[in-house]
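Results of the structural survey
Okay, here's what each chain looks like letter by letter:
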Amino acid sequence: MHRSKRFAALIPLVLLTAGARPVRAPESIHANENRVAAGTLANGVWTVRLETRTGVWHPEGPEGRAITVGAFAEVGKAATAPGPLIRVRAGTTVHVLLQNNYDAPLTVSGFGKTRGASDSTVIAPHASADVRFVAASPGTYYYTAHRPPQGGNVAPEDLQLGGAIVVDPASGSAADRVFVIGWWLTVDPKSPTGLGRGTMTINGLSWPHTERLDYAQGDSVRWRVVNLTGADHPMHLHGFYFRVNARGDGITDSLYTAEQQKMEVTQIVDPGATMAVAWRATQPGNWIFHCHYATHLSTTVALDTENGEIDESMAEHHRSDRPHQMYGLVMGIRVEPRGVQAAAPTGARPIRLIVREQPKVYGNQPGFSFVLGGTPDELNRDAMPVPGPTLVLERGKPVAITIINHSIDRAAVHWHGIELESYPDGVPGWSGAGTNVLPSIGPGDSITVRFTPPRAGSFMYHSHFNELRQISAGLYGSIVVVEPGTRLNTETDRLLFFGTAGYGINPVFGPYPAFVMNGQTQPEPMNLKVGTKYRFRLFNLAGDEPLLVSLNAGATPTAWLPVAKDGYPLQAAQVKSQAAKLVFDPGEIYDYEFTPTASGELTLSFGPVPDPPGTPPLPPIFQPRAPTVTVQVHVHQ
Ligand SMILES: [Cu+2]
């Protein structure tokens, strides 16, 4: 499955002017919740009549900025972004009548006998096409379309020309929801961010305008996710693990057997990829499901951002969102309580965490840090440890964590991967329920949150306010939850926390911030002993692109044993030796066991995922990517 690096999919757009096309009567393009299938069934054939339109789309709600785009409509109905949902049972023949109303030829993919981008049809201007396919295999798929690319790529106004195709099993199957991730972006080399305007959407809307998903406590929840953007998205659920039931690439969908399924809180959805997940809403309150790339929930992807600055007057309609400053790829979940609620834990172990900020730590950007109360760092005002202190908690033992904000920004802390109550979860203006909602912590203020970690494993804590600025500048730390009566062995447990040295103001052209491991751009050598079983706990909050980490013997990766993902132990059948080479995204956590068998030299490297062989070099306007860092690993007897 291919991956695009950060905004690489936008590169050809540099050559474009994404000006509005003249439109006759601007019709409104509606957001599509993907609840209702287009078309009708007759004589075993599902017939869908689609046509192309041009209209105005309001991804940030009716009061927000309008953009003119192309979109699909079911004939006789409003055009939608994403396009109409095609949903049938396996074995059904699907007959799509497609009218191209544009003055240009339309290339349509996804309706072929073997579905996917490899099987496309070109429809002449003002002509129609008649495509038939048998929806043979249950799964999640999609269709896309575009007019002739300009400068080699799909024009921004064609990025909404796509929709989901769901093939349900021939009988049965539980109710689910379909979420299509989309984007619309223009590139402006003269803007500090490299972007003109941009938005990222789920089912055609951007947070806080995305749909609120309402469940009752105890409900089983099933989602399908389709990524129609050219970037990968690490999709993260707060408060609960989800089971990954299927992953696909639009052409094939792999339904996992029980032995293949994993429990995760973050799953990467590659460009053009799909996934199906299931989880149980056991805790009441408000939660979020979001992309863990900080840029993808920042003002960078708000349409009201121009020249890198959010237009506060235009952003008025976002006011409800101001406490948490999120935009883009976020969905809000509300779980209504049902039955007896757990009492708040008592006898909690108190912990104090101090948030610090210092100016100009990363160039002109400030540095942030967590400091543990009661340690020498608390008295040393210059102490800015990155990552913050590792919190070693005991499974089943309540903690009361007081966060004291000594920075000049507002603060909020999320306990990533921990199954807890909603209020302490850490999303200001949202966590909690009804009117009892977690506030952000003002400068000089503090708040105490309480939770009881129910599971031993590797977790993390990080800022959930102005994430792009605060996380990239060091506001994170690891959490290791140990079994009662045990301790963390810091000799055999090696914690490797990946981050960045500040953030890239210009995510399109660079410069890109350096990657850091445990806060260092060039970490000290590691020392291991032959025959000792180590547990490497890998945490990632690094930037806006996938990170490649490998433990190498010479030029090739050695082998390690995966044992947990996102703090959840893998099933026994999945604990198999594999090449020590990991592509992972921010918001993911992996545990590996590694037992060196011979003395000698190994290296640990971390950096960007290399381009596939044959990738043409980027034009000089793009700055070089952050270098791959190599750490010496000495193995001795
Ligand atoms: Cu994303």
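**Observations concerning the domain arrangement of the chain**
Considered domain by domain, the chain is made up of domain 1 (8-336), domain 2 (349-482) and domain 3 (493-636). A separation of 24 Å is found between the C-alpha centroids of domain 2 and domain 3. On the domain 3 side, the residues contacting the 22 residues of domain 2 number 22 residues. Contact between domain 2 and domain 3 buries roughly 1800 Å² in total, counting both sides, with carbon and sulfur atoms accounting for 68%. Between domain 2 and domain 3 we count 0 salt bridges in total. Where domain 2 packs against domain 3, one counts 6 residue pairs in polar contact (both at pLDDT 80 or more).

**Let's talk about the coordination of the copper ion**
When a metal carries six donors in an octahedron, the ideal angles between them are 90 or 180 degrees, while four donors in a tetrahedron ideally lie at 109.5 degrees. Looking at the copper ion, one finds its protein donor set to be His-233 (ND1), Cys-291 (SG) and His-296 (ND1), positioned 1.9 to 2.1 Å from the metal centre. Expressed as a motif, the donor residue spacing for the copper ion is H-x57-C-x4-H. One exposure class covers both Cys-291 and His-296, and it is buried.

**A word on the nonpolar core**
Counting 66 residues, the largest nonpolar core has Trp-223, Phe-289, Ile-333, Ile-401 and Trp-415 as the members making the most contacts within it. Looking at which element gives the most residues to this core, the answer is strand β13 (residues 177-187), with 5 residues. When near neighbours in sequence (up to four residues on either side) are disregarded, Trp-415 contacts Leu-353, Leu-391, Ile-401, Ile-403, Leu-420, Pro-424, Asp-425, Val-449, Phe-451, Met-460, Tyr-461 and Ile-479.

**Topic: the sheet that holds strand β30 (residues 399-405)**
Ordered in space as β28-β27-β30-β34, the 4 strands form an open sheet in which the pairing is mixed. Pairing within the sheet leaves two strands with one partner each, and these edge strands are β28 (365-372) and β34 (446-451). Adjacent strand axes in the sheet meet at a mean angle of 25 degrees, parallel and antiparallel pairs treated alike. For strand β27 (residues 349-362) and β30, the ladder comprises 7 bridges, and the chain directions are parallel.

**Side note on the side chain of Thr-500**
Note on placement: Thr-500 falls in strand β37 (residues 493-500). Within the local environment of Thr-500, its side chain forms a polar contact with the backbone oxygen of Gly-502, the two atoms lying 3.0 Å apart.

**Concerning the sheet that holds strand β31 (residues 413-416)**
Taken in spatial order, the 4 strands of this open sheet run β29-β36-β35-β31, and their pairing is mixed. The open sheet has two free edges, formed respectively by β29 (391-394) and β31, since each of these has just one partner strand. Averaged over neighbouring strand pairs, the angle between their axes works out to 25 degrees when direction is ignored. Relative to strand β36 (residues 476-482), β29 is paired through 4 bridges, and the arrangement is parallel. The residue bridging Val-392 from the neighbouring strand is Val-480, located in β36.

**So, the packing of aromatic side chains**
For any pair of aromatic rings, geometry is given as the distance between the ring centres together with the angle between the planes. Throughout the structure, instances matching the rule amount to 23 aromatic pairs. Seen from their ring centres, Phe-584 and Tyr-590 are 5.9 Å apart, and the 70 degrees between their planes marks the pair as edge-to-face. Members of the aromatic cluster, joined through ring pairs, are Phe-179, Tyr-215, Trp-223, Phe-240, Trp-279, Trp-287 and Phe-289. Taking the ring centre of Tyr-102 as reference, the NZ or CZ of Arg-147 above it sits at 3.7 Å.

**With respect to the pattern of salt bridges**
Counted by the stated rule, this structure contains 30 salt bridges. A salt bridge links Arg-35 to Glu-33; the nearest nitrogen and oxygen atoms lie 2.7 Å apart. The exposure class assigned to Arg-35 is exposed, which follows from its relative accessible area of 53%. Residue Arg-625 pairs with Glu-545 through a salt bridge whose shortest N-O separation is 2.8 Å. One end of the pair, Arg-625, is in the loop between β48 (600-608) and β49 (629-636); the other, Glu-545, is in the loop between β40 (534-540) and β41 (547-553), with 80 residues separating them in the sequence. Residue Glu-545 is classed as buried on the basis of its relative accessible area of 1%. One network of salt bridges, with partners in common, ties together Glu-33, Arg-35, Arg-177 and Glu-211.

Calculation notes
Residues numbered from 1 in each chain as written. Predicted model: local features only at pLDDT ≥ 70, side-chain atom pairs only at ≥ 80, totals over all residues. Heavy atoms only, no water. Domains from an automatic or database assignment. Contact = heavy atoms within 4.5 Å. Buried area = accessible area lost by both parts, 1.4 Å probe. Salt bridge = Lys/Arg side-chain N within 4 Å of Asp/Glu carboxyl O. Polar contact = N/O pair within 3.5 Å; in protein donor to acceptor, adjacent residues only side chain to side chain. Donors = N, O, S within 2.8 Å, 3.2 Å for Na, K, Ca; no water. Buried < 20%, exposed > 50% of the residue type's maximum accessible area, 1.4 Å probe, protein only. Core = buried A, V, L, I, M, F, W, Y, C linked by side-chain atoms within 4.5 Å. Helix = DSSP H or I, 4+ residues; strand = E, 2+ residues; numbered from the N terminus. Pairing = 2+ DSSP bridges. Axes fitted to C-alpha atoms, helices over the stretch in contact; angles between N-to-C directions. Phe/Tyr/Trp six-rings, centres within 6.5 Å; stacked < 30°, edge-to-face > 60°. Lys NZ or Arg CZ within 6 Å of the ring centre and 35° of its normal.

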